[in-house]
Structures are given as C-alpha cells and as structure tokens.
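# Per-entry structural report
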Amino acid sequence: MKKFIAGLAFMLTVGLVNAQDSTSASTSGTKYDYYPESNVYYNDVTQTYWFHDSTSNQWKNAAHLPTGVAVDEKTQKNTFYYSGGDVWEKNADHVKMYGKKDKAKTEPKE
C-alpha cells in the first residue's frame, strides 16, 4: 500500500510539473486579443490597438480605434501570446488561423 501511495504521489508531482511547463510555454510573450472581423489586435497591458490604416497602407498603434473600426465585448476574439517583432507582421498567418469576414476591406494591398 505504501508503494502505491508513493507511486501515486510521484505521478501527481510529475503531472503538475509538466502542466506548469506547458502553461508557461503557451503564455510566454505578449498577450494579444485578435478580432478577425475587424483585423485588429489589442494588447491589454499597454491598452493599445494595432490596426491597418487603409489610407496610408500601414499598420498603426493607438489607444483608440479610428472611426469606422469597432470592437466590443460581443465581438468575436481570439487570444494568443506572441513573441517576436510586431504582431501584425504575422497577420497573414492570423487571418488563415482565425479567418475574417471581409478580407478585401481590411487586408493590406501589396
């Protein structure tokens, strides 16, 4: 019985360590909320948005979204952690992963 309890305790310990490792791996980097319908990223820590400005054909970072671009608590979002350069540099990958309704309206033209 003692061996069984010791074995069970060992397995639980190993399981907890593995769970912590996988959690820290998936939460390394900066947390972003991505709103595919608007093609907008939000960083809760800095409280800023990344959005594509079709007039200048550039990605911009701002505390508020421009008129005509909106997200709220009801808007579908995907939360992920990103390490690397600017998050929008992987926008094509995010569009493929999460989709969006109107690609032509929000996707930058080359």
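Here, the structure is the one placed above.
First things first, this report covers the structure right here in the doc. Computed from a predicted model, the values in this text were never measured in an experiment.

Here we come to the overall build of the chain. Of regular secondary structure, the chain possesses three helices and five strands. Starting at the N terminus and walking to the C terminus, you meet the elements of the chain as α-β-β-β-β-β-α-α. For the chain, buried positions account for 27% of its 110 residues. Excluding contacts between residues fewer than 6 apart, the proportion of contacts in the chain whose partners are at least 24 apart in sequence is 54%. As presented, the chain carries roughly 8000 Å² of accessible surface, and 54% of it is formed by carbon and sulfur atoms.

Residue alternation in strand β5 (residues 78-82) divides its side chains into a buried set, Asn78, Phe80 and Tyr82, and an unburied set, Thr79 and Tyr81. Where strand β1 (residues 30-35) lies against β5, five bridges are found, and the strand directions are antiparallel. Counted as the bridge partner of threonine 30 is tyrosine 82 from β5.

Quick look at the pattern of salt bridges now. Here the structure, examined in full by the defined rule, presents two salt bridges. Here aspartate 33 makes a salt bridge to lysine 77, at a shortest N to O gap of 3.6 Å. Taken together, the positions of aspartate 33 in strand β1 and lysine 77 in the loop between β4 (58-62) and β5 put the pair 44 residues apart, joining distant regions of the chain. According to the relative accessible area criterion, aspartate 33 is buried, its value standing at 8%.

A word on the packing of aromatic side chains. How two aromatic rings sit relative to each other is given by the distance of their centres and the angle of their planes. All chains considered together, the criterion is met by ten aromatic pairs. Centroid distance tyrosine 41 to tryptophan 59: 5.9 Å. Interplanar angle 50°. Geometry classified as tilted. Pair noted here: tyrosine 41 is in strand β2 (residues 40-43) and tryptophan 59 is in strand β4, with a separation of 18 residues, a long-range link. Accessibility classification places tyrosine 41 together with tryptophan 59 in one group, the buried group. Judged by centre distance (6.1 Å) and plane angle (10°), the rings of tryptophan 59 and tryptophan 88 are stacked. Taken together, the residues tryptophan 59 in strand β4 and tryptophan 88 in the loop between β5 and α2 (91-98) connect sequence positions 29 residues apart. For tryptophan 88, a relative accessible area of 25% puts it in the partly exposed group. Through pairs of rings, three or more aromatic residues link up here, namely Tyr32, Tyr34, Tyr41, Trp50, Trp59, Phe80, Trp88 and Tyr98.

Turning our eyes to something else, we now look at the sheet that holds β5. The antiparallel open sheet is built from five strands, whose spatial order is β4-β3-β2-β1-β5. Strand pairing shows two members of the sheet lacking a second neighbour, β4 and β5, which therefore form its edges. Taking the axes of each pair of neighbouring strands and ignoring which way they run, one obtains an average angle of 30° across the sheet. Where β2 lies against strand β3 (residues 48-53), four bridges are found, and the strand directions are antiparallel. Paired with tyrosine 42 across the two strands is tyrosine 49, which belongs to β3.

Cut-offs used in this document
Residues numbered from 1 in each chain as written. Predicted model: local features only at pLDDT ≥ 70, side-chain atom pairs only at ≥ 80, totals over all residues. Heavy atoms only, no water. Helix = DSSP H or I, 4+ residues; strand = E, 2+ residues; numbered from the N terminus. Buried < 20%, exposed > 50% of the residue type's maximum accessible area, 1.4 Å probe, protein only. Contact = heavy atoms within 4.5 Å. Areas by Shrake-Rupley, 256 points an atom, 1.4 Å probe, with all protein chains shown as cover. Pairing = 2+ DSSP bridges. Salt bridge = Lys/Arg side-chain N within 4 Å of Asp/Glu carboxyl O. Phe/Tyr/Trp six-rings, centres within 6.5 Å; stacked < 30°, edge-to-face > 60°. Axes fitted to C-alpha atoms, helices over the stretch in contact; angles between N-to-C directions.

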